[in-house]
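Summary of structural features
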Amino acid sequence: MRTVRSVCAHNCPDTCGLVVDIDDAGEIVRVDGDPDHPITRGFICEKVRRYPAHVRSERRVLFPQKRIGAKGEGKFARISWDEALDTIATRLLGDIARHGGEAILPYSFSGTLGIVQSASMDRRFFHRLGASRLARTICSAAAESALAHTYGAALGVDPERTGDAKLFIAWGMNLRSTNIHQFALVQEARKRGARLVVVDPHRNRTAEAADLHLQLNPGTDAALALGLMHVIFRDGLADRDFLARETTGSEDLETRAREWTPERAASVCGIDAATIVTFAHEYATTHPSIVRAGYGFQRHSNGGQMVRAVACLTATVGAEARGGGFLLSQSGAFRYDTHAMERPDLQPHGDARTINMIGLGDALAHANDPPIATLFVYNANPATVNPDGKAVARGLMRDDLFTVVHDIYHTDTAAYADIVLPAPTFLETEDVYTSYWHRYLQYAQPVIEPRGESWSNVRLFSTLAKRMGFTEPCFDDDETMLAQTLLARGPFKDAGIAPDALARERRVKMREPKRTRRIQLRADSLARHGVDTVPQHVPLRESRDGSPERATRFPLALLTPSHHLFLNSNFGSDPKLLGRARPTLRISAHDAAARGIANGDTVDVWNDRGRCTLAAEVTDAVKPGTIVHLSLWWNVFSPGGANANATTAQAESDFGGGATFHTNLVEVAKTISANDAS
């Protein structure tokens, strides 16, 4: 038995350091947290602890395959890598000859957070092809844009300061399921007297453990933040020195906040005015305080404005200057040379057209200048995770669409592919990892050999580039690229890292990032987006006050936060995890009774985009008018063959082009069985 250190590559803020036990046969027998890691501290989630089973999963793709059945049927035959690469290269060359490079669309996201395997050789390859560019907006685009307009970059308080906090606010974030090491730090702070407050429409696992749960209506976070600011300014609780020294537009923000009396805010967000006043006083007078914001509430049609409002709230009390502050994303702390990694200068005709990934369904159906002829999917599973899933499925079923899927598993998307290619797990590859929560840059080597004939992303696109006749040196193998990332003179040359420190120590903490400008409480840069430059509550586009006719037909607001056992579509095929859960719909007793629904009933959830089938869980964890489905199930494991994304929209957020999964009105009814129908 030997033990090797590694890093978890999944799209999770914790980016854990791992210890992996390997037996004499080269098989993984145990995965756990690195006890020497300053953040991980020896424990990890149960999902990743099951990685020995994931590596050996029956659903793994181990060899290149070609489709032998109908699209969506999932029937494939094994082929060689040579045949697969020749088939793909021939198709790509034909697409370019007939339509130009923009007929090719790469589709990828966060199947790995390693910067080499996620966004380097692949980008170079598609840039060199002149392929359409993909706007990767499905997760955090509204929030990242809001932070850029407010702070200049995605920056936040170091989570290692949590132990000093006297007040910790989890705003739209279920720490116990999606950021477990932050929750552990909060619990330690609570033992020293800190209070935990949760702001969320859903009484989730973190809210159940909180000292106070502010259960607001979905999409009203800006109204609550402005109501709190009204009290802070009115009652002389604002940090005027900090506002004058570190912000721009404080007078404009104060003027806006005057409009939002506690009573007005209460009428919108559903929290009584007295509670708003009491909490405003607690927040303004308790230091240090930290607001840890999640990504859920920015996945609304008004998501950018809501993030701006909450971020500006922290500025009114000078939290940053008192040892606390705001944290949604830390990605701006990891500044590196993306141009050198991705090489957009390789594009033969300048910047190609950009297609927003959340609009994939529409793009596959309607892009015609040129049409999308080839879809190349890697590090992603759009048939499961994309909004408006029925539209995506229709697009993937096109007879004239050539689809390549490079993945670890036979996913929902792979079932539609013409060519399926085997990918390794992160334990079988080498990479460098940033984090969007903590500030440690990490390096991991492979701990086992790739299973079957799995090829890394870098190897795949480097080899395919040569098949296409590309001769540029930048398409050499991954050793050169990894060497670049491990050296201070590489992409991280301005990050304050000593030469070779990462290669030698495998984990280095990035230096404290500094804001390069004042906090923009009034962000004039938003004017070009047609958005109010000062934070404001904007009604949801599908909400009752925004679309009366639609709200009459579909009166319930469906939220789809993460399930404790899954991570996006990752781990969604694990038989043990699937055996411990079922696709349920949390619905209030009031809404259930109005529809004749009892606890445990099978129900249909639908709107004019599509429908899914779930099991009703009647509970007071949600307020009337709001329903919650903990997601995300693969379609193949969902009753009726469709998950909740059959109902979500391809619409974009107010700015940033982000997804709006949670702005989703539906209706619910008890499923009519065949016997009942007869």
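Residues numbered from 1 in each chain as written. Predicted model: local features only at pLDDT ≥ 70, side-chain atom pairs only at ≥ 80, totals over all residues. Heavy atoms only, no water.

To continue, consider the overall build of the protein. Counting its secondary structure elements, the protein contains 26 helices and 27 strands. By the compact-globule yardstick of 26 Å for 678 residues, the protein fits well, its C-alpha radius of gyration being 25 Å. Seen along its three principal axes, the alpha-carbon backbone of the protein occupies a region of about 75 × 70 × 55 Å. For the protein, buried positions account for 63% of its 678 residues. Sequence-distant contacts in the protein: of pairs separated by 6 or more residues, those separated by 24 or more amount to 76%. Only carbon and sulfur atoms are counted for the fraction: they give 48% of the accessible area of the protein, which is about 24,600 Å². Side chains of the protein carry 78 positive and 80 negative charges; the gap between the two charge centres is 2 Å. (Helix = DSSP H or I, 4+ residues; strand = E, 2+ residues; numbered from the N terminus. Rg over C-alpha atoms; globule rule 2.2 N^0.38 Å. Buried < 20%, exposed > 50% of the residue type's maximum accessible area, 1.4 Å probe, protein only. Contact = heavy atoms within 4.5 Å. Areas by Shrake-Rupley, 256 points an atom, 1.4 Å probe, with all protein chains shown as cover. Lys, Arg positive; Asp, Glu negative; His and termini not counted. Charge placed at Lys NZ, Arg CZ, Asp CG, Glu CD.)

Strand order across the open sheet formed by five strands is β10-β9-β8-β12-β13, with parallel pairing between neighbours. A strand with exactly one partner marks an edge of an open sheet, and here the two such strands are β10 (212-214) and β13 (325-327). Pairwise comparison of adjacent strand axes, ignoring direction, gives a mean angle of 20 degrees for this sheet. Here three bridges tie strand β12 (residues 289-293) to β13, and the two strands are oriented parallel to one another. Of the residues in β13, the one forming a bridge with Arg-292 is Leu-327. Lying on the sheet, helix α8 (residues 180-191) is in contact with β8 (167-171), β9 (195-199) and β12; it crosses β9 at an angle near 135 degrees. (Pairing = 2+ DSSP bridges. Axes fitted to C-alpha atoms, helices over the stretch in contact; angles between N-to-C directions.)

Applying the stated criterion across every chain yields a total of one cavity of 30 Å³ or more. The space that makes up the largest cavity amounts to roughly 30 Å³. Lining the largest cavity are Pro-583, Thr-613, Leu-614, His-629, Trp-633, Ser-638, Pro-639, Ala-642, Asn-643 and Ala-644. Of the residues contributing to the lining of the largest cavity, the split by class is six nonpolar, four polar and no charged. (1 Å grid on protein atoms, 1.4 Å probe; cavity = no way out; pocket = protein on both sides within 12 Å on 5 of 7 lines; lining within 4 Å. Points joined across faces, edges and corners; volume = space filled by probe spheres on them. Nonpolar A, V, L, I, M, F, W, Y, C, P; charged D, E, K, R; others polar.)

One pass over the structure, following the stated rule, counts 51 salt bridges. For Arg-439, the salt bridge identified is with Asp-158, shortest N-O distance 3.9 Å. Taken as a pair, Arg-439 in the loop between β18 (431-433) and β19 (440-444) and Asp-158 in the loop between α6 (141-151) and β8 lie far apart in primary sequence, 281 residues in all. Residue Arg-439 is classed as buried on the basis of its relative accessible area, which comes to 2%. Assessed through its relative accessible area of 6%, Asp-158 is described here as buried. Between Arg-234 and Asp-235 there is a salt bridge whose closest N-O contact spans 2.7 Å. The class of Arg-234 is partly exposed, set by a relative accessible area of 49%. Through salt bridges with shared partners, a single ionic network connects Asp-158, Glu-160, Arg-161, Arg-439, Lys-509 and Glu-512. (Salt bridge = Lys/Arg side-chain N within 4 Å of Asp/Glu carboxyl O.)

Let us look at the pairing of strand β27 (residues 665-670). As defined by bridge partners, strand β22 (residues 556-559) adjoins β27 across two bridges and the pair is classed as antiparallel. When the sheet's bridge partners are listed, Leu-556 is paired in β27 with Val-666. Across four bridges, the pairing between strand β24 (residues 602-606) and β27 is antiparallel. Of the residues in β27, the one forming a bridge with Val-605 is Val-668.

Regarding helix α19 (residues 389-396), the residues found buried are Gly-389, Ala-391, Val-392, Gly-395 and Leu-396. Around the axis of α19, the buried residues are gathered within 160 degrees of arc, so they sit on the same side. (Arc of directions from axis to C-beta.)

Attention shifts here to the layout of surface pockets. Looking at the second largest pocket, its volume works out to about 1,500 Å³. Phe-109, Arg-123, Arg-136, Tyr-336 and Glu-342 are the residues nearest the centre of the second largest pocket, which is lined by 44 residues in total. Counting only elements with at least two residues in the lining of the second largest pocket, the list comes to α4 (115-118), α5 (121-129), β7 (133-135), α6 and α16 (338-342). A per-class count over the lining of the second largest pocket returns 20 nonpolar, 18 polar and six charged.

Residues of helix α13 (residues 262-269) that are buried include every one of Pro-262, Ala-265, Ala-266 and Cys-269, and no others. One side of α13 holds all its buried residues, which, seen down the axis, span an arc of 105 degrees. Opposite its buried face, α13 presents the exposed residues Glu-263 and Ser-267, each directed more than 90 degrees away. In this structure, the buried residues of α13 make contact with α10 (221-234) and α14 (273-285). Two residues or fewer after α13 comes Gly-270, characterised by a positive phi angle close to 85 degrees.

Turning our attention to the environment of Asn-645. Its place among the elements puts Asn-645 in the loop between β26 (626-628) and β27. Excluding residues that lie within four positions of it along the chain, Asn-645 makes contacts with Thr-384, Val-385, Asn-386, Pro-387, Asp-388, Gly-389, Leu-632 and Phe-661. Within the local environment of Asn-645, its side chain forms a polar contact with the backbone oxygen of Thr-384, the two atoms lying 3.0 Å apart. (Polar contact = N/O pair within 3.5 Å; in protein donor to acceptor, adjacent residues only side chain to side chain.)

What follows covers the side chain of Ser-289. Counting through the fold element by element, Ser-289 comes out in strand β12. Setting aside anything within four residues of it in sequence, one finds Ser-289 in contact with Leu-167, Tyr-283, Ala-319, Gly-324 and Gly-325.

Before going further, it helps to examine unusual backbone geometry. Across the junction of Asp-369 and Pro-370, the peptide omega takes the value 0 degrees, indicating a cis bond. Across the junction of Ser-631 and Leu-632, the peptide omega takes the value 25 degrees, indicating a cis bond. For Leu-632, the position within the fold is in the loop between β26 and β27. Even without being a glycine, Arg-41 presents a positive backbone phi close to 50 degrees. Relative to the elements of secondary structure, Arg-41 occurs in the loop between β3 (28-33) and α1 (46-49). Residue Asp-388 is not a glycine yet carries a positive backbone phi of 55 degrees. Structurally, Asp-388 can be placed in the loop between α18 (382-385) and α19. With a relative accessible area of 11%, Asp-388 lands in the buried category.

Before going further, it helps to spend a moment on the nonpolar core. Nonpolar side chains in soluble globular proteins generally cluster together in the buried interior. Counting 64 residues, the largest nonpolar core has Ile-169, Trp-171, Leu-224, Ile-232, Tyr-283 and Phe-326 as its most contacted members. Residue contributions to this core peak at 10 residues, all from α10. The residues contacting Tyr-283, other than those within four sequence positions of it, are Leu-167, Ile-169, Ile-232, Ser-289, Val-291, Leu-313, Thr-314, Val-317 and Ala-319. Trp-81, Met-121, Met-341 and Met-510 belong to the second-largest nonpolar core, a separate cluster that totals 45 residues. (Core = buried A, V, L, I, M, F, W, Y, C linked by side-chain atoms within 4.5 Å.)

Ordered by their spatial adjacency, three strands build an open sheet running β18-β19-β20, and the pairing between neighbours is antiparallel. Each of the sheet's edge strands pairs with one partner strand only, and the pair in question is β18 and β20 (507-509). The mean inter-strand angle of the sheet, taken between neighbouring strand axes irrespective of direction, is 15 degrees. Bridge count for β18 against β19 is three bridges, and the pairing is antiparallel.

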